[in-house]
Amino acid sequence: MTLRALLVVYSYHHKNTEAIAKAFAPVLAAKIVTPQEVDPTEVAGYDLVGFGSGIYDARHHTSLLDLADRLPHISDRNAFIFSTCGIPAFGFSQGFVLKNHTALREKLVSKGYKIVDEFGCVGWNTNSFLRFFGGLNKGRPNAEDLKRAEDFARGLTQKMRDP
Ligand SMILES: Cc1cc2nc3c(=O)[nH]c(=O)nc-3n(C[C@H](O)[C@H](O)[C@H](O)COP(=O)(O)O)c2cc1C
């Protein structure tokens, strides 16, 4: 049976997270939608849903968190969480990613989603005074980041089979 996958993405600062979603999409044969345009009941119809945005004030964008609140309770559905964040590349770790994902993860788990995996990447950040210096992480996500995103997406189907 073919896996039905959907990517719900909010990306506005430099479209950093959208670039990651576009790397996932062909691997998963997934449609990309925004939290604003998607119907919460439609989301519940997919076997695998990726939820992602940039990190703003240490959490996902409000529109994604609001969507999670509006999702119906489900069972037997898989989700994954992704983000791009603007900290310096040398301070980046999976622990930092998971911390930033906490609010969204808790909401999705409370709706009955099983979180298959979580992906994070640094992204160009010109927030606030950083813009005067060209920002942090210019050029990220780069080709290597997009390759890592593709590999991550390939691994998801395997993880769903053998958790
Ligand atoms: C208003 C604002 C707040 C931000 N807050 C954080 C933050 O708390 N932690 C962090 O690591 N990056 C933060 N960033 C940087 C973004 O997460 C980063 O640039 C991200 O790649 C943007 O994703 P997007 O281009 O998909 O919107 C912030 C950026 C903006 C514009």
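Residues numbered from 1 in each chain as written. Predicted model: local features only at pLDDT ≥ 70, side-chain atom pairs only at ≥ 80, totals over all residues. Heavy atoms only, no water.

Engineer: Describe the nonpolar core, and please don't skip the residues or the numbers.
Structural biologist: Counting 21 residues, the largest nonpolar core has Leu-6, Val-8, Val-43, Phe-51, Leu-104 and Leu-108 as the members making the most contacts within it. Taken together, the elements giving at least two residues each to this core come down to strand E1 (5-10), strand E3 (48-56), helix H3 (62-70), strand E5 (77-85) and helix H5 (102-110). Per element, the largest residue contribution to this core is 4 residues, and it comes from H3. Contacts of Leu-108, omitting those with residues within four sequence positions, involve Phe-51, Ala-68, Leu-71, Ile-81, Tyr-113 and Ile-115. Within the second largest apolar cluster, 20 residues are counted, among which are Leu-7, Ala-25, Leu-28 and Ala-153. (Core = buried A, V, L, I, M, F, W, Y, C linked by side-chain atoms within 4.5 Å. Buried < 20%, exposed > 50% of the residue type's maximum accessible area, 1.4 Å probe, protein only. Helix = DSSP H or I, 4+ residues; strand = E, 2+ residues; numbered from the N terminus. Contact = heavy atoms within 4.5 Å.)

Engineer: Report on unusual backbone geometry, specifying residues and quantitative values.
Structural biologist: Comment: phi is negative for the bulk of residues other than glycine, and the bulk of peptide bonds are trans. A cis amide bond, omega 0°, links Arg-140 with the succeeding residue Pro-141. Structurally, Pro-141 is set in the loop between strand E6 (113-122) and helix H6 (143-161). A positive phi angle is found at Asp-57, which is not glycine, with a value near 55°. Note that Asp-57 resides in the loop between E3 and strand E4 (59-60). Overall, Asp-57 belongs to the exposed group, its relative accessible area being 75%. The backbone phi angle of Ala-58 is positive, close to 65°, even though this residue is not glycine. In this fold, Ala-58 is placed in the loop between E3 and E4.

Engineer: Tell me about a nonpolar patch on the surface, residues and numbers included.
Structural biologist: Where nonpolar side chains cluster on the molecular surface, the patch consists of Phe-129, Phe-132 and Phe-133 and spans about 420 Å² of accessible area. In this fold, Phe-129 is placed in the loop between E6 and H6. (Patch = residues over 30% accessible without salt bridge, like charges linked within 9 Å, V, L, I, M, F, W, Y side chains within 5 Å. Areas by Shrake-Rupley, 256 points an atom, 1.4 Å probe, with all protein chains shown as cover. Salt bridge = Lys/Arg side-chain N within 4 Å of Asp/Glu carboxyl O.)

Engineer: Now, about the packing of aromatic side chains: what can you tell me, with residues and values included?
Structural biologist: By the definition in use, this model includes 10 aromatic pairs. A centroid spacing of 5.6 Å and a plane angle of 80° characterise the contact between Phe-24 and Phe-119, whose relative ring orientation is edge-to-face. Here Phe-24, found in helix H1 (residues 16-28), pairs with Phe-119, found in strand E6; they are 95 residues apart in sequence, far enough to count as distant. Comparing Phe-24 with Phe-119 shows no difference in burial state: the two are buried. Through a chain of ring-to-ring contacts, the aromatic side chains of Phe-24, Phe-80, Phe-82, Phe-119 and Phe-152 assemble into a single cluster. (Phe/Tyr/Trp six-rings, centres within 6.5 Å; stacked < 30°, edge-to-face > 60°.)

Engineer: A description of the side chain of Lys-111 should follow, citing residues and the corresponding values.
Structural biologist: You can see Lys-111 is positioned in the loop between H5 and E6. Buried Lys-111, no salt bridge; nearest opposite-charge side chain is Asp-69, N-O distance 5.5 Å. Side-chain polar atoms of Lys-111 contact the backbone oxygen of Ala-68, separated by 3.1 Å. At 2.6 Å, the side chain of Lys-111 and the backbone oxygen of Asp-69 are in polar contact. Ignoring anything within four residues of it in the chain, the contact list for Lys-111 reads Ala-68, Asp-69, Arg-70, Leu-71, Pro-72, His-73 and Ile-74. (Lys, Arg positive; Asp, Glu negative; His and termini not counted. Polar contact = N/O pair within 3.5 Å; in protein donor to acceptor, adjacent residues only side chain to side chain.)

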